[in-house]
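Remarks on the overall topology
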Amino acid sequence: MIDEKLMLKSIGMGTYDDLFSDIPEKLRANMDIGKPLSEQELIEKIKRISKKNVNKVRFLGNGIYDRYIPHLVDEIISRSEFLTSYTPYQPEISQGILNALFEYQSIISDLTGMDVTNSSMYDGFTSLGEAVRMAYRINGKNEILIPGNIYKSKYEIIKNYVNGLNVKFIQYSFNKNGLLNLDDLSSKINENTSSIIIENPNSFGLIDENAMRVKEIKKSAITITYYDPISLGILEPPGEYDTDIAVAEGQQLGIHMNVGGPLLGLFSFKKDYVHKSPGRLIGLSNDKNNNKAFVMTLQAREQHIRRAKAMSNICSNQALLAVAATAYLSILGESGLRNIASITVNKSKKLRENMKSIGINTVFDGINFSDNLFHFDKIDILKSKEISGGVKLSDLTYINDIPDASFFSVTEKTSDDDINYLVKSLGGF
Amino acid sequence: MYKQAHYDEDFLIDYNTGSDYILDGEKCDLPENIKRKSLKLPNLRSFDVSRHYTKLSEMNYSVDIGMYPLGSCTMKYNPKYNDYIASMEIFTDVHPLDYEENIQGSLEIMYNLQEYLKLISGMDFVTLQPSAGAHGEFTGILIVRKYFEMRNELNHRNEIIIPDSAHGTNPASAAMVGFNVIEVPSDENGLINLDALESVVSDHTAAFMITNPNTLGIFDDNILKIAEIMHKNGALLYYDGANFNAILGITTPGIMGFDIVHFNLHKTFATPHGGGGPGSGPIAVKSFLKDFLPVPVISKKEEKYFLDYSIKNTIGKVSSYYGSFAILLRAYSYILKNGNDLRKNTEKAVLNSNYMAGQLRNYYNIPYKKLKKHEFVLSTENTGKRALDISKYILDFGIHSPTTYFPLIVKEAMMIEPTESSTKKEIDLYIEVMKRAASMDDETLKNSPVNTSVGRIDEVKAARNLILHW
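As the structure is a prediction and not an experimental result, all values here were calculated from the model. (Residues numbered from 1 in each chain as written. Chains lettered and ligands numbered in written order. Predicted model: local features only at pLDDT ≥ 70, side-chain atom pairs only at ≥ 80, totals over all residues. Heavy atoms only, no water.)

Along the backbone of chain A there are 14 helices and 14 strands. Of all 429 residues assigned to chain A, the portion counted as buried reaches 66%. The long-range share in chain A, meaning contacts at least 24 apart out of those at least 6 apart in sequence, stands at 71%. As presented, chain A carries roughly 14,500 Å² of accessible surface, and 46% of it is formed by carbon and sulfur atoms. Distance between charge centroids for chain A: 2 Å, based on 49 positive and 52 negative side chains. (Helix = DSSP H or I, 4+ residues; strand = E, 2+ residues; numbered from the N terminus. Buried < 20%, exposed > 50% of the residue type's maximum accessible area, 1.4 Å probe, protein only. Contact = heavy atoms within 4.5 Å. Areas by Shrake-Rupley, 256 points an atom, 1.4 Å probe, with all protein chains shown as cover. Lys, Arg positive; Asp, Glu negative; His and termini not counted. Charge placed at Lys NZ, Arg CZ, Asp CG, Glu CD.)

Residues and elements named next belong to chain A. The mixed open sheet is built from seven strands, whose spatial order is β2-β8-β7-β6-β5-β3-β4. Two strands bound the open sheet, and with one partner strand each, they are β2 (116-117) and β4 (168-172). When strand β6 (residues 222-227) meets strand β7 (residues 245-249), the two strands line up parallel, connected through four bridges. Among the inter-strand pairings, tyrosine 227 is bridged to a residue of β7, identified as alanine 248. Helix α7 (residues 124-139) rests against β3 (143-147), β5 (193-200), β6, β7 and β8 (265-269) of the sheet, and its axis sits at about 170 degrees to β6. (Pairing = 2+ DSSP bridges. Axes fitted to C-alpha atoms, helices over the stretch in contact; angles between N-to-C directions.)

Right, let's talk about the nonpolar core for a bit. The tendency in soluble globular proteins is for nonpolar side chains to be buried as a group. Phe208, Phe269, Leu360 and Met434 of chain B are the most contacted members of the largest nonpolar core, which totals 215 residues. Broken down by element, this core gets its largest block of residues, nine residues, from helix α11 (residues 325-338) of chain B. Every residue in contact with leucine 360 of chain B, bar those within four places of it in the chain, is listed here: Ile366, Phe376, Leu378, Ile416, Ile431 and Met434 of chain B. In terms of nonpolar packing, the next biggest core, distinct from the first, is built from 67 residues, Leu83, Leu111, Leu253 and Val345 of chain A among them. (Core = buried A, V, L, I, M, F, W, Y, C linked by side-chain atoms within 4.5 Å.)

So, about the pairing of strand β5 (residues 236-240) of chain B. Side-chain positions along a regular strand alternate between the two faces of the sheet. Residues and elements named next belong to chain B. The buried count for β5 comes to five of five residues, which makes it a mostly enclosed element. Here β5 shows a buried face lined by Leu236, Tyr238 and Asp240 and a second buried face lined by Leu237 and Tyr239. Two elements, strand β4 (residues 205-210) and β5, share four bridges in a ladder whose sense is parallel. Along β5, the bridge assignment pairs isoleucine 210 with tyrosine 239. Running through helix α8 (residues 223-232), the crossover from β4 to the neighbouring parallel element β5 is right-handed. Sheet analysis places β5 next to strand β6 (residues 260-262), joined by three bridges and oriented parallel. Paired with tyrosine 239 across the two strands is valine 261, which belongs to β6. (Right-handed = clockwise from strand over helix to strand, strands pointing away.)

Bringing the packing of aromatic side chains into the picture now. With the rule as written, the count across this model stands at 31 aromatic pairs over all chains. A centroid spacing of 6.4 Å and a plane angle of 80 degrees characterise the contact between phenylalanine 82 of chain A and tyrosine 53 of chain B, whose relative ring orientation is edge-to-face. You can see phenylalanine 82 of chain A sitting in helix α5 (residues 80-83) and its partner tyrosine 53 of chain B sitting in helix α1 (residues 46-58), one on each of two chains. Tyrosine 53 of chain B sits in the buried class, given a relative accessible area of 0%. Relative to phenylalanine 364 of chain A, the ring of phenylalanine 204 of chain A lies with its centre 4.6 Å away and its plane at 45 degrees, an arrangement referred to as tilted. With a gap of 160 residues between them, phenylalanine 204 of chain A in the loop between β5 and β6 and phenylalanine 364 of chain A in the loop between α11 (319-357) and β11 (371-375) connect regions that are remote in the sequence. We classify phenylalanine 204 of chain A as buried; its relative accessible area is 4%. (Phe/Tyr/Trp six-rings, centres within 6.5 Å; stacked < 30°, edge-to-face > 60°.)

A separate point is a positive patch on the surface. Residues Lys45, Lys47, Arg48 and Lys51 of chain A make up a contiguous surface patch of positive charge. Relative to the helices and strands, lysine 45 of chain A is located in helix α3 (residues 39-50). (Patch = residues over 30% accessible without salt bridge, like charges linked within 9 Å, V, L, I, M, F, W, Y side chains within 5 Å. Salt bridge = Lys/Arg side-chain N within 4 Å of Asp/Glu carboxyl O.)

Position of valine 350 of chain B relative to the elements: it lies in helix α12 (residues 342-360). According to the relative accessible area criterion, valine 350 of chain B is buried, its value standing at 0%. With 67 residues separating them in the primary sequence, valine 350 of chain B and glutamate 417 of chain B have C-alpha atoms 9.1 Å apart. Those residues within four positions of valine 350 of chain B in sequence are excluded, and the remaining contacts are Leu19 and Phe20 of chain A together with Ala246, Lys372, Lys373 and His374 of chain B.

For the rest of this paragraph, the subject is the interface of chain A and chain B. Between chain A and chain B, the contact holds 171 residues from the first and 186 residues from the second. A combined buried area of about 15,300 Å² lies between chain A and chain B, and 62% of that area is made up of carbon and sulfur atoms. A per-residue breakdown of the area chain A buries against chain B is headed by Tyr86, Val259 and Arg307 of chain A, which together make up 6% of the total. Counting the contacts that link chain A with chain B gives six salt bridges. As a salt-bridge pair, lysine 37 of chain B and glutamate 236 of chain A come within 3.8 Å of each other at their nearest N and O atoms. Where chain A meets chain B, there are 89 residue pairs in polar contact (both at pLDDT 80 or more). The leading source of residues in the side of chain A that touches chain B is α11 of chain A, at 20 residues. Classifying every residue of the side of chain A that touches chain B gives 83 nonpolar, 54 polar and 34 charged. (Buried area = accessible area lost by both parts, 1.4 Å probe. Polar contact = N/O pair within 3.5 Å; in protein donor to acceptor, adjacent residues only side chain to side chain. Nonpolar A, V, L, I, M, F, W, Y, C, P; charged D, E, K, R; others polar.)

We now examine the domain arrangement of chain A. Residue and element names in this part refer to chain A. Here chain A is partitioned into domain 1 (57-67 + 333-427) and domain 2 (103-282 + 317-328). Centre-to-centre, using C-alpha coordinates, domain 1 lies 24 Å away from domain 2. Counting residues at the interface gives 29 residues for domain 1 and 30 residues for domain 2. Roughly 2,500 Å² of surface becomes buried between domain 1 and domain 2 when both sides are summed, with 68% attributable to carbon and sulfur atoms. The largest share of the area that domain 1 buries against domain 2 comes from Phe364, Phe369 and Tyr398, three residues that together contribute 27% of it. Scanning the region where domain 1 abuts domain 2 turns up zero salt bridges. The interface formed by domain 1 and domain 2 holds seven residue pairs in polar contact (both at pLDDT 80 or more) in total. Listing elements by their share of the side of domain 1 that touches domain 2, those giving two or more residues are α11, β11 and α13 (393-396). It is α11 that provides the largest number of residues to the side of domain 1 that touches domain 2, a total of six residues. (Domains from an automatic or database assignment.)

This brings us to unusual backbone geometry. Cis peptide bonds are those with omega within 30 degrees of zero, and the linkage from asparagine 212 of chain B to proline 213 of chain B qualifies with 0 degrees. With respect to the element layout, proline 213 of chain B can be found in the loop between β4 and α8. Of the consecutive residues glycine 277 of chain B and proline 278 of chain B, the connecting peptide bond is found in the cis state with omega at 5 degrees. Mapped onto the elements of the fold, proline 278 of chain B is located in the loop between α10 (265-268) and β7 (283-285). With phi around 55 degrees, asparagine 62 of chain A is a residue other than glycine that occupies positive phi space. Checked against the element boundaries, asparagine 62 of chain A lands in the loop between β1 (57-58) and α4 (71-78). Phi is positive for leucine 298 of chain A, close to 50 degrees, though the residue is something other than glycine. Residue placement: leucine 298 of chain A occurs in the loop between β10 (292-297) and α10 (303-306).

Looking now at the domain arrangement of chain B. Residue and element names in this part refer to chain B. Per the domain assignment, the segments making up chain B are domain 1 (82-340) and domain 2 (343-460). Domain 1 puts 27 residues into the contact, and the matching count from domain 2 is 22 residues. For the domain 1 and domain 2 pair, buried surface summed over both sides reaches about 1,900 Å², with 56% attributable to carbon and sulfur atoms. Applying the counting criterion to the domain 1 and domain 2 interface returns zero salt bridges. When its residues are assigned to classes, the side of domain 1 that touches domain 2 shows 10 nonpolar, 14 polar and three charged.

This part covers the environment of leucine 422 of chain A. Residue and element names in this part refer to chain A. Its place among the elements puts leucine 422 in helix α14 (residues 416-427). The exposure class of leucine 422 is buried, given its relative accessible area of 0%. As for leucine 422 and glutamate 103, which are separated by 319 residues in sequence, their C-alpha atoms are 41 Å apart. Beyond its immediate chain neighbours, meaning those up to four positions away, leucine 422 contacts Phe59, Leu351, Met355, Leu382, Ile387 and Phe408.

If you want it as structure tokens, here you go:
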């Protein structure tokens, strides 16, 4: 209190009101935000609200997955030296986060087989939007080929991201096995094609070997592969099938679901495109004493320098979650990641076999990763048995001609008991 | 004496102490043509991962260590009760596609935050979806575009006006949505030059994006006149909420005549910034724009909360799901905890800024009007020193430097925002360091910093000889 009086006096002011004499009376607001609470009152109130969340046996996925997160991951990103730091604008005093983000770029490049990864984007879907914009900057062409089974939410976001560009979308189809139709896609690629969005696993949840063959037909188009980072424990990575830009949702890499946010956009590309890329890049250099030292580099692409001509408007990204992803992958190591991916495929297989045994069939026969599509539409039964699942294909995508198609998803956390309970619950109907 | 740790720390990939992660191995049958041939990930013990990050953390500055007066970045104390709340499993372990009846608690938090943000901004409707401030701007400008599209005016309304003192995200966001950016100069007081503004406003104008107080920390009391100029012309007024910490509880963008506002929850509402993010950038609009908001918003009917997709002319989605919940939850609990004391935070923040400006005025040129809000801008030009060198010198005292070389209209600029979290003692030390820097010999300045993990870094080399991978 005394300090404040001294400070006011030193600037020739008597009261706090004097500090706001430049805000005219008619602009003054009168609001009641409420009585301040003690910490105890706050926690009690929040806990009361939290009890309205209930957790059931879950078979949910389609982009967000309940995977096991080693405690060390949370411990690392809770360290206040990382948690309460800002963007490393002064690199000499911020080497810790810069080093950690450089390692993130490296580990995601290794995982995907791509040359360069930026230091994170908001989420998977907005990364797709930024990738389409980047492709347009590279080749200036105006046709974008998208999968006919793309999620509505992804498509809406991409459309918003290209709102100011002169481009059009052309859908390509899927064959009777639910895999990318190479003939149809091939017939739609021409000299106006800017980019081709490929998904693997695709939106039906299938590991799509045809997605890996688009390189044979792409001509000069830019391929944008939307992948599942956990699946790369066992699947050929996007870099191995000549992907130009690889993007994904990184939530599975040690980040809690949190009802869908904050998430982590993984964004990688071939090195020739680095000057056209969005987002922050951390580069390795040295200080004047020849110590290894990291800085944000190629900032001339970014909004604070280039303003209206910037590659993107992105400023804050998901740095802390990029650190979580790096820690997660480092704790797991190669065999850990491979095992989690293998278990996921096997659980999916087990789920499909068990469902089949009670007469609930898959829509497509193929190899699924986490998401499995069944002919099933009895959501009420699920709810009565306290099971969450059965997300409808027609809610997620524009496909309406398989009205009873719905998803059940698994992770390595899905137990045999969970699957047995699901099958038992549905078996009598 | 401050001395930051320095370790010659290996990369994770170079440890090779052997992974101790246990998970029973399984094989799965995959055709050879789709199988991964080789995968190289770090191979080390969990203990080494822990040590690695502990060492890195000691080489990182944070607001929990000391003052972090980056102008327009509002680095205030991040209360720890928020981190506790945001780590509760009952919130973290919630899937976005679960049935609404299973996630009522999370939806209620988001609904309540929407209500608070309406109150605090004086606006009518809120979306929590944008992931950061710049993403909020992008969303706001998409709404501007949709509004004129529905009015069949998009063909000619293709310009967005921005002051020359604006944050870089403003022109970048406007351009991303396809608008041409028109810059207006500031007047001799650092405010919007009304004549210049009137001369560029036309039937091509879609919106004017500003922040008030502006990036010089000066409140523009012509704001109602500015709003009138825009509205009379059929254009919209956009509020960049980066500087909200100057006005919270005192006035609102709603009262000032703004049509669209974005918030930076990690600035105004004390959520941690995590070394660059995640942030969170909700936006609020006046009721005539509610039909364009992204879907879903959180609505309430008979005590049940639900994901409301019923917005008529929605711009669609801008984020994968509903927003950065773990950040939204922290902002909500911060507002709930502080209540009407939020206004006191604003007062303290403005006092700290004016006190600091008042003391530094004797050593540096602080241009424009004397009364500042939450931040101020000084120029080091009168000292003959470069802002860059002074910013490096400051680091040696275990305090973070201000934003430098911004706004662009002040030469050798340093933009300083102490926030309400700084004590007089801390500020006095900062002033002392700045005072010394003003008369420090060039040799010392050029050689600084010496007490940080590393010395001055060769940034040109980093860009010329790009190394982005270990």
